Every structure is written in C-alpha cells, then in structure tokens.
Amino acid sequence: MTSQFSSLLRQLRSQAGLTQEELAQRSGLSVRTVRRLETGERANPQVATVRLLADALHLDPGRRAGLLAVADGQEPVLDSATPAEPPGPRPEPPEVPEPRPESPAVPGPRPEPPGVPEPRSEPPAVTGAPPESAFERRLAEAADDLAHAVGARLGREEELRRIHDPFPLPVRWQAAPESVMDHWENIRRASPGASAGPLDLAGRLPQITEVYRRVPSGRLVVLGRAGSGKSVLAARFVLDVLRTRERGEAVPVVFGLGSWNPTTTGFRDWLAGQLLRDHPGLAAAGRDEADLATTLVEAGRVLPVLDGFDELAAGLHRAALDALNATTLPLLVTSRPGEYAAVAGADALTAAAAVRLTDLTVTDLIDYLPRTTRRDGDATAWDPVLAELRDHPERPASANLRTVLTTPLMVGLARATHSAPTGPDPSVLLDTERFGSQHALEDHLLGSFIPTVYRDPDTRWDPERVRRWLGHLARHLDRLGTHDLAWWELGGSIRRGRRMVILGALSGLVVGLVSGLLFWLVGPPSTGQEPVNPLLIAVENWVGFGLAFALGHGVGLAIEGGPFAPARIRLRTRGGVRRLRARFAPRLLAGLAGGVGAGLILGLGNAAGHNPLGIVGSGFPGGLATGLGMGALTGLGWGLLAGLEAPMDIRSAVGPADLLRTNRRMVVTGFLGWGLVLGLAHVLMVAFAVGHLDPATLPFDLMIGPLIGLAISTCVTAWGQWLVFARVWLPLTGRLPWSVAAFLDDACRRGVLRQVGAVHQFRHARLQAHLGNT
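These notes cover the structure that comes with them. Keep in mind that this is a model prediction, so the values were computed, not measured.

**Concerning the packing of aromatic side chains**
The full count for this structure, using the stated rule, is 13 aromatic pairs. Aromatic pair Trp487 and Trp488: ring centres 5.4 Å apart, planes at 90 degrees, arrangement edge-to-face. Take Trp487 and Trp488: they sit in the same class, and that class is buried. These aromatic residues form a ring-pair network of at least three members: Phe255, Trp260, Phe267 and Trp270.

Next up, the structure:
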C-alpha cells in the first residue's frame, strides 16, 4: 500500500500548491524524508510522521483519515471532491501530537501508539521525484562517515571496559520527580488548552532507545549519582541508535559537557568545535563557507548526547541550561541529581522528561560477582561475602558494604581488585576494624585499583611511579578545570611566564650547542673572520635564540588565547585563502616579536666582533638587523603556511596518536623546509651587506638553518609543545614517564583511562579526584 501512499502524498502536496522543500519546512521533516516518502523508497511510514504531514497540508478530517488509513495499509476512504483546507493557521486536533523536532528524528523505528496496527507490507518504489542534490548527497555521506567513526570508537571502548564480560551490570531507572521536569503538556507537545498525563519512563539498559522514543519532544535527562552508570548508558544509547539508523539521518554523538563555557561559546558553535577536534576531516568546506561540522549541526544531522552536566565549571549551570532552552534540538543529557536540581528547580530544561538511575541490589551482586572469578569446587570467593549481605543486612559490616556496592563503578572496582586470581580475598571487605565506614571502603577500592591493574609482573611500569604520574595528570586536569586530557595541553597548567622560560632555555640550548659545535668543526662562516672560542658562540646563541623563542611563544599564546591546538590538516598547493586572511597577521606578529629578542642579543655579540650569525664588521645594527630579518621571515613563512592547509580525509577516525603523528609530520616537513629557506636568506643577507657572496657561509648556514626551523616549531605548534614539555621537561622532573604516549595507551588498555575522540579521560571522575588528592 505504500505505493498508494506515495501517490496520494504527491497528489495532496500538489493540490496544496507546495514544493517538497516547503512541505518539509512546514512539517519539521527533512527534505530527504519527504522525497523518500513520495518515491516509496522509505517503506512503512510512521504514524507520527504522517500526522505531521497531514498538519502541514491542512487536511480536513476526511482526507486526514484517508491519508492515515493508506499509511496503515488499508484501502483509502476519501471523498475526492473534498478540497484541501486553504493555507493558514487552523486549530490543532485534540489528540497529543508527536514531536516536531528542530532536527531529524532519532533514526530507527519508533514504537507506535497503542491500538495502531503495524504497516502491512513494503511496496515497490515509485520513481519520478527530483534526485538528491550533490550537496545533500555529500552531507549524507559525511553523516554516514561520522556514524561509522562514532560507532567504531564506542564499540572499542565497551570492549576495553569489559562491559559485556560476562554481561552488563543491570542499569535501571525510574521517572524522576516532577520538580525537575517541564510540564507534561510541553514534553508531549500537547496543543494549547489540551492536557497530557505522565509517560511510563521506567526501564533498564537494553531499553534506553525505546524509552527515549516514547518522549515526543525528543529530550530526556538521565540523573544518577557518581558511578551509577550514566556514561555507560549514554554510550549504549548511541550504539543502539546507530544500529537502526538509516543512511543520512541524524548521528548521535557523545559530547562531554565539562569543556563547554556557555558564557563565551554558543551551543551550536561548541558542538561544531568538538566535532572538529575529534573528527578533523569535518573541517572540509560545507555550505556558505562553513565547515562540514558546522553544516551538519545546523542541518540537524547531529543528535547531541550531552554527558556530564554536573561537570560544568561552578557557576555555569544556569547559563548552560538557558542556552539549551534557547534551542529545540532533540538531545539526551546526563547529570548528577544535585547539580541539575539546583537549577532545574527554578526553570527545568524545556520539554525534557527526566529519569533517575536506581541502585544495584544484593540480588544483582549475587548474579554478577560470582561469575567474574574462578570456582573453587562448588563455590567462589565471593559466595560467603554475598551470603553475609543477603542473610545479615543489619550488621554494620554488611550495611557498609551494601551501601558501597550499589553503583556499577564500585562493583567494577571490587571486581578488579578481588576477583583476580592473585587478588586479596573479598572477605576483607567485611573487616570493620580496617574499614569502619562507607568512605573507608570506597577509599580502599579506589586506592587498590592502580596497584591491581599494574600487578602484571611483565609490565614495564612500576606501580608506585604510575600512581605518581597519574596523580600529576589528575592535578593537571584540575588546574585546567577539565576532564579532557589532551596531549597538546600537557604543559598548559604551567604558568605562562615559567613556560616561556622553560621553552626558551631548552630550545635555545639546542641551537647554541649545535652552532658552537659547527663553529668548532667547520670553522668561522665568513672568510677573514678572526677565530672565536666556540663555547662563547654557543652561549651567545643560546641566550639570543632562547630569548627569541620565549618571546615568540609568549606572543603566540596571547594570540591563540591558550595552548596551541594541533594542526588538523595536510599540505596542499592551492586554496586556503580564508585561513590565510585569518591567520597571516597574527603569525607575522609572533615572528617579529621573536626577531626583536634575537636581534638584541645577536647585536651585542656582533658589536664584540665574534657572533657568526651577525654581519661581520657591522656592529650592533648588523646583529639587530639579522634578528629582525630572520624573525620577519619566520612570521612570513608561518603565516603563508596557513594558506597551504587542507582538511584530512573525512573518513579518518582520529585518536590522540593519529592526531599526534599527523601534526608531527606536518610540522617537521614544513619547518625543516622553512629553516633551509632561513639559512639561504641569511647567506643572501650577508652577501648584500658586504657586496659579494662568500662561499664560506654556505656550509654553516645550510646546516644551522633547518635546526633553527625545528626549534621555531617548538614555540608555535602543538607538536613542539608536546616535544618540549611532555617528552623532555615533565619526564626530566619526574612527573611523567619518558614514553608518555605508550604510557597513556597502556593506561587505556588497563581501564584507567579511556579515549574520547582526540583526547583521553580518566575512567571516572571519582578516580581522577582520588588520584589528584593522593
């Protein structure tokens, strides 16, 4: 019957004088959905969708009933002489309609209202509708690629966290108090003057998508205390939606709300920025000079799953809720109850229903924990502990342990520590002398987790050092006020002045040592120059270039407003005018700032007659001119580099290691080449000043130039910051291991960290807080 529905829909749309685009706009559906319904490509139209179409077409009761009947697979009962209602507002029907979201509905089949029969069959497709435009096709492909990347990452994360080993813990929920919810009439999109009652929102983990689809507004808040399974639920929701998603439809994506500042960044802009960080290929051009990430968000192709409303910085919860209320985007939000109730009590999230996760029971523990350890005869080590909890709940030891083991987080920690073959007997958890309170038990489980997961005798990491390194990372994140551990920000918690000194000293030292060594091996770079102590040359260049690098880094940080973000690009030979206009002047300014610092020191050395990088015989002005010239050329080259940047392949699922490799490859290639240009420029500068080309300058300049180019990269690129701070300074001071990348990847495999797009996060905020306070 769908061929009849397609024909009837086209006929009714034509009679109403509407195009497909106009019908889509009126109904709140996408143009793609309307087109697929009219061609028969989309089988089994949902009743909610048909009602939206009938409303948009202003059908009288007879035609409305006929359209619904055909959609249901019945023979149409239409009075063909009955004209369609004229355009214009008309009263809504008394029934509670389904949602009219700003973006496409959640992909996959929706449960039909009680009493509505399922569609009967899938008919043959009907041709004749206009084809999909090239842009719509590209947008659909971008959404599909994003869906694949998101699904692959979350699937790997579930495996690493052993969610299904042996089976997921039972995460359940009930409807939250109505004091934290909007009116049911708003949640159910009731017509003005109509009333609506509560929905049945109770469920468990496998039903999260079904429960979400019961909410006509497409807005759901999930409340739960620390460790109750909110993040696991968010990930399961995304994977379940992706499993039934149709091509080109909205993609559910988990966003960690802790990194959003709603007072400085709009909600949609922040969503697009997070997509760009985790999926750099979306930086490709979209519509109206916007990138694909922004275009996907604006087109409603992204369903935000906002994890951690409680993790917003203090004082931002009200502003965040106001920003979310300013949009009608469907979304799912997770939060601890207290932080959300504090703002929702005055004004809840508009049209959002809310559920609250419930505690695990002793029965859940009896079903789960014995299956996580090996049997010893007919029993397991957990059996006597669980029997005590079941049979003697009134005893203090049982009461403490029962209270602790009510969240998946604590059960998971207990399993990691006490279910392992070499782990301690779980009966120690009932020892009230060691653990006289709930907090003592929690501290024990949190504190035992790191030694337990690093207990492998073959591991390269010492557990005590691991605890110290992880503690530094936790405190680093606390100082930055975020849960996102980004490799390019590992030095970001150091004060700016100290960072400038560290970077200038280390990078300048390398240039000074190599220049002194070259001066000793190759000799003076200018014919007739008097011999000078190479050590003196090394010290002068160390101070001069160190000052230049420090000043350039400081100006660059001021321009960027924070740590340098990684270049999510590859080199290309044309285009990039928009990026060039935006970035050329600031980069040139940073280069000039560094040139001033280098010029002052080189000028002093040149005035003494022994600096090999100055112009021989020209005194202080010659050294200053050399520094300024090299600084200007550096800023010029770095600025022009912005015009040679293009997005990476949109299908690449980027993780921290991928982003690091890409940035390193681009930086080394670009700055080595530009360093060679600097060396040649210095040769020509000296030749112009003295009136002839001195061949003696070529070996020195062509060797020192590329090194200076690489040293410059440490000041103004994300990879350079990683090299100086994460690979040298922090390991040198004992705060991180020398193999930082390998350590972070290993921590992910052990379940201490998790990968979220291009960044890492601690497995849980409780673990981060515990390590930060240790």
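**Concerning unusual backbone geometry**
With an omega of -5 degrees, the peptide bond running from Asp165 to Pro166 counts as cis. On the secondary structure map, Pro166 appears in the loop between α6 (134-160) and β1 (172-175). A positive phi is found at Ala351, a non-glycine position, where the angle reads about 65 degrees. Here Ala351 is to be found in the loop between α13 (337-344) and β7 (353-357). A relative accessible area of 1% means that Ala351 is categorised as buried.

**Describing the pairing of β7**
By the criterion of burial, β7 is predominantly enclosed, with four of the five residues buried. Relative to β7, β1 runs antiparallel, the two sharing three bridges. When the bridges of β7 are listed, Gln174 appears paired with Arg356. Pairing of strand β3 (residues 219-223) with β7, which is carried by four bridges, proceeds in the parallel orientation. By the bridge assignment for β7, Val222 is matched with Val355.

**Section: the environment of Pro421**
Residue position: Pro421 is located in the loop between α17 (408-418) and α18 (438-453). Look at Pro421 and you get exposed, because its relative accessible area is 77%. Through-space distance from the C-alpha of Pro421 to that of Thr373 is 7.4 Å; in sequence the pair is 48 residues apart.

**Points about the nonpolar core**
Membership of the largest hydrophobic core comes to 85 residues, with the highest contact counts inside it found for Tyr454, Leu470, Leu473, Leu490, Phe743, Val752 and Phe762. Residues contacting Leu473, with those up to four places away along its chain left out, are Leu485, Leu490, Leu736, Phe743, Leu744 and Phe762. Counting 76 residues, the second largest nonpolar core, distinct from the first, contains Val171, Ile208, Val251 and Leu329.

**With respect to the environment of Gly546**
Relative to the assigned elements, Gly546 resides in helix α21 (residues 534-560). A relative accessible area of 8% means that Gly546 is categorised as buried. Taking C-alpha positions, Gly546 is 7.8 Å from Leu503, a pair spaced 43 residues apart along the chain. Gly546 has contacts with Gly504, Gly508 and Asn541, leaving out every residue within four places of it along the chain.

**Let's talk about helix α19 (residues 463-480)**
Taking 1.5 Å of rise per residue, 18 residues should cover 26 Å, and α19 covers 26 Å from first to last C-alpha, within 8% of that figure. In this structure, the buried side of α19 is in contact with α18, α26 (718-732), α27 (740-749), β11 (759-762) and α28 (765-773). Phi turns positive one or two residues past the end of α19, at Gly481, with a value near 70 degrees.

What counts, and at which threshold
Residues numbered from 1 in each chain as written. Predicted model: local features only at pLDDT ≥ 70, side-chain atom pairs only at ≥ 80, totals over all residues. Heavy atoms only, no water. Phe/Tyr/Trp six-rings, centres within 6.5 Å; stacked < 30°, edge-to-face > 60°. Buried < 20%, exposed > 50% of the residue type's maximum accessible area, 1.4 Å probe, protein only. Helix = DSSP H or I, 4+ residues; strand = E, 2+ residues; numbered from the N terminus. Pairing = 2+ DSSP bridges. Core = buried A, V, L, I, M, F, W, Y, C linked by side-chain atoms within 4.5 Å. Contact = heavy atoms within 4.5 Å. Expected span 1.5 Å × (residues − 1).

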